[in-house]
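Residue-level structure breakdown
Each chain is listed here by its residues.
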Amino acid sequence: MKDAFVNICNVPTHIYTKGRWIEESLDNEKEIAICITGNPGVPGFYTEFIEELYQRLECKMPVWVIGHMGHDDPPATSIREVPQLKGNEELFDLNAQIRHKIEFIKKYIPQDCKIHLIGHSIGAWMILQMLENDYIRQAVIKCYMLFPTVERMIESQNGWVFTKIALPMYWIFGFLIVLFNRLPVFIRMCFIHLYFLLSAIPSHFRGAALCYSKASVVEKVIFLAEDEMARVRFLQTNIIEQNLNLLTFYYGTTDGWVPVEYFNGLKKEFPEIDAQLDTKKIDHAFVLRYSKPMGGIVSNMIVQNSTLF
């Protein structure tokens with residue numbers, strides 16, 4: 001596995017790849033799988049997932065994951081910096097993140113290499129918007145929408161908690177984040193390790209969590225989440241209807257962002273749609289504890305739609 005920060009839309013963007021690096025030739029690759037993260041868009045949380053997916057696909061196609069602009073800062077030694085949020089809001093909202101993914105695909109994926117596009121959470125909503133772009137639509141074999149926040153986010157249980165409790169108290173949380181980042185790295189890692197231990201989260205994600213805990217990153221994550229609450233309202237039935245053959249949905253049964261009623265509503269609206277309900281009680285944030293089973297589930301989906309198997 002390889003990772004680095006590359007310049008996309010003039011913003012350093014963290015990319016992880018398995019199989020081929022983005023600057024290596026894809027001339028001999030007929031298909032590729034690209035994962036668009038949820039929010040926070042920290043690709044370091046997806047390493048176990050793409051590793052499992054790559055192995056389950058018998059190493060026959062590269063698997064890449066791209067994070068969101070501003071959700072991961074490059075090392076202090078980097079010559080490039082992520083712009084601050086204030087005064088640059090248009091760089092970090094939903095529209096910008098969508099343009100960011102389109103530019104990445106146009107820049108690094110040749111037209112004869114077809115794409116399996118994986119969207120987790122808000123990444124699924126971004127994919128729906130990307131399918132409005134003819135270039136992307138023609139490049140895609142299939143889109144796999146995992147725990148998809150594609151409608152009524154603010155009406156969900158977690159949406160209510162975020163808007164009614166978390167946002168009004170953000171000034172306190174933001175102050176604590178600033179204090180936390182003034183602690184020595186060793187102390188911060190101890191706190192993160194303790195939280196992971198109590199939450200049964202694998203310790204190898206501690207580095208990604210440390211990056212995510214930066215004040216400059218947290219404010220952009222919250223900013224994007226606010227935009228999601230405002231914009232992800234009604235199910236975009238017109239986009240779904242126009243792309244039924246390209247879409248596969250996977251819903252959870254214990255999801256605070258996407259209740260089962262959203263799955264039922266989708267199936268009622270589109271009885272023929274390829275949508276399934278999880279039977280393993282996998283969390284919405286599957287990358288923290290369920291990367292391997294989800295890697296198996298998604299690999300089975302890809303195999304069914306690939307010409308390589």
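Please refer to the structure placed before this passage.
Rules used in this analysis
- Residues numbered from 1 in each chain as written.
- Predicted model: local features only at pLDDT ≥ 70, side-chain atom pairs only at ≥ 80, totals over all residues.
- Heavy atoms only, no water.
- 1 Å grid on protein atoms, 1.4 Å probe; cavity = no way out; pocket = protein on both sides within 12 Å on 5 of 7 lines; lining within 4 Å.
- Points joined across faces, edges and corners; volume = space filled by probe spheres on them.
- Helix = DSSP H or I, 4+ residues; strand = E, 2+ residues; numbered from the N terminus.
- Nonpolar A, V, L, I, M, F, W, Y, C, P; charged D, E, K, R; others polar.
- Contact = heavy atoms within 4.5 Å.
- Phe/Tyr/Trp six-rings, centres within 6.5 Å; stacked < 30°, edge-to-face > 60°.
- Buried < 20%, exposed > 50% of the residue type's maximum accessible area, 1.4 Å probe, protein only.
- Salt bridge = Lys/Arg side-chain N within 4 Å of Asp/Glu carboxyl O.
- Expected span 1.5 Å × (residues − 1).
- Pairing = 2+ DSSP bridges.
- Axes fitted to C-alpha atoms, helices over the stretch in contact; angles between N-to-C directions.

Right, let's get into the layout of surface pockets. Approximately 1400 Å³ is the volume attributed to the largest pocket. Contributing elements (two or more residues each) for the lining of the largest pocket: helix 5 (157-166), helix 6 (170-181), helix 7 (185-199), helix 8 (206-212) and helix 9 (215-231). If you tally residues by element for the lining of the largest pocket, the top one is helix 9, at six residues. For the lining of the largest pocket, the residue count by class is 27 nonpolar, nine polar and two charged.

Right, let's get into the side chain of N243. Within the secondary structure, N243 sits in the loop between helix 10 (237-242) and strand 7 (247-251). Here N243 is in contact with L131 and R137, once residues within four sequence places are set aside.

What follows is about the packing of aromatic side chains. Under the definition given, this model contains 12 aromatic pairs. For the ring pair F49 and F286, a centre distance of 5.1 Å and an interplane angle of 75 degrees mean the geometry is edge-to-face. Of this pair, F49 sits in helix 1 (residues 47-56) while F286 sits in the loop between strand 8 (274-277) and helix 12 (291-305), placing them 237 residues apart in sequence. Just as F49 is buried, F286 falls in that class too. Ring centres of F147 and Y250 lie 5.9 Å apart, and the angle between their planes is 75 degrees; on these two criteria the pair is classed as edge-to-face. Taken as a pair, F147 in the loop between strand 6 (140-146) and helix 5 and Y250 in strand 7 lie far apart in primary sequence, 103 residues in all.

Moving on, we come to the pattern of salt bridges. Counted under the stated rule, the structure contains seven salt bridges. Ionic contacts of the salt-bridge type, sharing partners, join the residues E151, R152 and E261 into one network.

Let's shift gears to helix 12. Here helix 12 spans 21 Å end to end across 15 residues, near enough to the 21 Å set by a 1.5 Å rise per residue. Those residues of helix 12 not exposed but buried are S291, M294, G295, G296, I297, V298, S299, M301 and I302. Buried residues in helix 12 make contact with strand 3 (31-36), helix 1, strand 5 (114-120), strand 6, strand 7 and strand 8.

A few words on the sheet that holds strand 2 (residues 11-18). Within the open sheet, the eight strands sit side by side as 1-2-4-3-5-6-7-8. Their pairing is mixed. This sheet does not close on itself; its edge strands, each paired only once, are strand 1 (2-8) and strand 8. Adjacent strand axes in the sheet meet at a mean angle of 20 degrees, parallel and antiparallel pairs treated alike. Pairing geometry for strand 3 and strand 4 (residues 63-66), over four bridges, is parallel. Residue pairing in the sheet places A33 in a bridge with V63 of strand 4. On top of the sheet, helix 3 (residues 122-130) reaches strand 3, strand 5, strand 6 and strand 7; it is set at about 135 degrees to strand 5, its chief contact. The sheet strands contacting helix 12 are strand 3, strand 5, strand 6, strand 7 and strand 8, and the helix crosses strand 6 at an angle near 155 degrees.

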